[in-house]
2 protein chains.
Amino acid sequence: MKIGELARLAGTNVETIRYYERDGLLPVPARSEGNYRIYGETHVQRLSFIRRCRSLDMTLDEIRVLLHFKESPQENCADVNRLLDRHIGHVAQRMQELQELERQLKDLRERCGEAREAAHCGILDGLSQAIVPGGETASHVQGTHRHAANRSLAKGNQGNQV
Amino acid sequence: MKIGELARLAGTNVETIRYYERDGLLPVPARSEGNYRIYGETHVQRLSFIRRCRSLDMTLDEIRVLLHFKESPQENCADVNRLLDRHIGHVAQRMQELQELERQLKDLRERCGEAREAAHCGILDGLSQAIVPGGETASHVQGTHRHAANRSLAKGNQGNQV
DNA sequence: TAGAAACCCTTGAGTGACTACAGAGTCAAG
DNA sequence: CTTGACTCTGTAGTCACTCAAGGGTTTCTA
C-alpha cells in the first residue's frame, strides 16, 4: 500500500509518517518504480502502536523504549513497568498543577462579575498584584495549550477504535 | 537598572526579557553609553504582569490582549472576562483529558504486575491492541510533558510571591 | 593600575512533535 | 489527453523560550 492508505489505516496524516521515518521510529520502506513508499501489514502494526502510545501522551523517546522491548521479547520487561510508572506520575503531577491553576483562575474571574471600564476591572487589578500563591515545581509536564499540531492525534484515535 | 537586575526583580532570566522585547511584549528600552539596556520601574511592572499571566499558563497572545486593556483603561473589559472564561474552559478540558488518561495508564499498568519476559508483558500486549476507548477532542490544550524551558517559570513564581 | 570576574551585547541554532507549503513528478479515470 | 488525486523532496513555521559562541563593557580586587 501507499502512504495515503497507511495514513488512513493508522489514523495519522501523511506528513507525520514521513516525519516518523526521518526520526527513525518507522523503518525505511521499499519504493515503487515511481519512487512511492510501499508499506505492508507490519508497518500498519508498528504505526498503530506508536499512535496508541502517543494518544497516551508518551514522548517519542518513551515510545522508542517500548518499541525496543517489542523487538527483543526475551528481555526482561521491568523497564517497561518503570517507564509506565514514571509516566503515570507525570500525569498525576500535571493534574495537581492544573487543579491549583483552575482555583486561581476562578478566584480571578470572580473579581469582575460583569463588564465595566478596564480601569476598574478586578481581573486586571488582580493580575497586577502578586496573587499567585503556590510554588510550582514541574520538570517534564506541560502547559494548558495545545495547538493545531495535536489535533490529528484526536483524529487518530477515532481512526482505529472499536 | 540593567537587564540583570530587572531579571532578578521579575524572577525571569535575561534571555527571556530580550525575547519579549523582540516579540513586542516589552517596549524597546533606552541604552547606556556602553549599549546596555536601561530599564525603569514601569518595565518591572509590565514584566511582572506578563510573568504572572504566564504562571497562569496564558499564551503570549492572550497576554497581549490583557496588556492592551491595561493600556486603554477607558475601554470595556468584557473581552478580559471572555478571555479568562475561555482560558478556564481550556484548563478544565485538559484536566478531564488527563483524568481519562490516568485511568487508561493505570489499567495498562495492572496488566503487568512484576517483571517478566517482554514477550509476555501485559503492558506491551495491551498497547498492541486497540484499547484506548474515549474519543479525544482537544483544540488548544497541551500534553503531559514539560521540558526545561518551563522550569524558569517556577523560579519566576518564587521570585515575586509573598 | 592591571587584570580578572561578572556582566552585557548580537546572532543563530536548538527544543518536541509535528504541520504547511512550494514546486515538481506519478498515476488512474473519464 | 487532460483532469484531478495522489506522491515526492525540501524547507520553514509553530510555541515560548534556552543555550552557546564570540565578542564588548563595567566593576571588583590585589
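Residues numbered from 1 in each chain as written. Chains lettered and ligands numbered in written order. Predicted model: local features only at pLDDT ≥ 70, side-chain atom pairs only at ≥ 80, totals over all residues. Heavy atoms only, no water.

A.B. asks: If you had to explain the overall build of chain A to someone new, which residues and values would you point to?
C.D. replies: The helix and strand inventory of chain A stands at seven helices and two strands. Taken from the N to the C terminus, the helices and strands of chain A come in the order α-α-β-β-α-α-α-α-α. Here chain A holds 162 residues, and 48% of them are scored as buried. Taking the contacts inside chain A whose residues are at least 6 apart along the sequence as the reference set, 54% of them involve residues at least 24 apart. Counting every atom, chain A has about 7,900 Å² of accessible surface; 49% of that belongs to carbon and sulfur. (Helix = DSSP H or I, 4+ residues; strand = E, 2+ residues; numbered from the N terminus. Buried < 20%, exposed > 50% of the residue type's maximum accessible area, 1.4 Å probe, protein only. Contact = heavy atoms within 4.5 Å. Areas by Shrake-Rupley, 256 points an atom, 1.4 Å probe, with all protein chains shown as cover.)

A.B. asks: So, the packing of aromatic side chains: which residues are in play, and what are the values?
C.D. replies: The tally for this structure, following the rule as stated, stands at two aromatic pairs over all chains. The interplanar angle of 45° and the centroid separation of 5.9 Å between the aromatic rings of A:Y19 and A:Y20 together place this pair among those described as tilted. (Phe/Tyr/Trp six-rings, centres within 6.5 Å; stacked < 30°, edge-to-face > 60°.)

A.B. asks: Report on helix α3 (residues 41–55) of chain A, specifying residues and quantitative values.
C.D. replies: Residues and elements named next belong to chain A. The end-to-end C-alpha distance of α3, which contains 15 residues, comes to 21 Å, matching closely the 21 Å that a straight helix rising 1.5 Å per residue would cover. Within α3, eleven of the 15 residues are buried, which leaves the element mostly enclosed by the surrounding structure. Residues of α3 that are buried: H43, V44, L47, S48, F49, I50, R51, R52, C53, R54 and S55. Directly beyond the C-terminal end of α3, a positive phi value near 70° is found at D57. (Expected span 1.5 Å × (residues − 1).)

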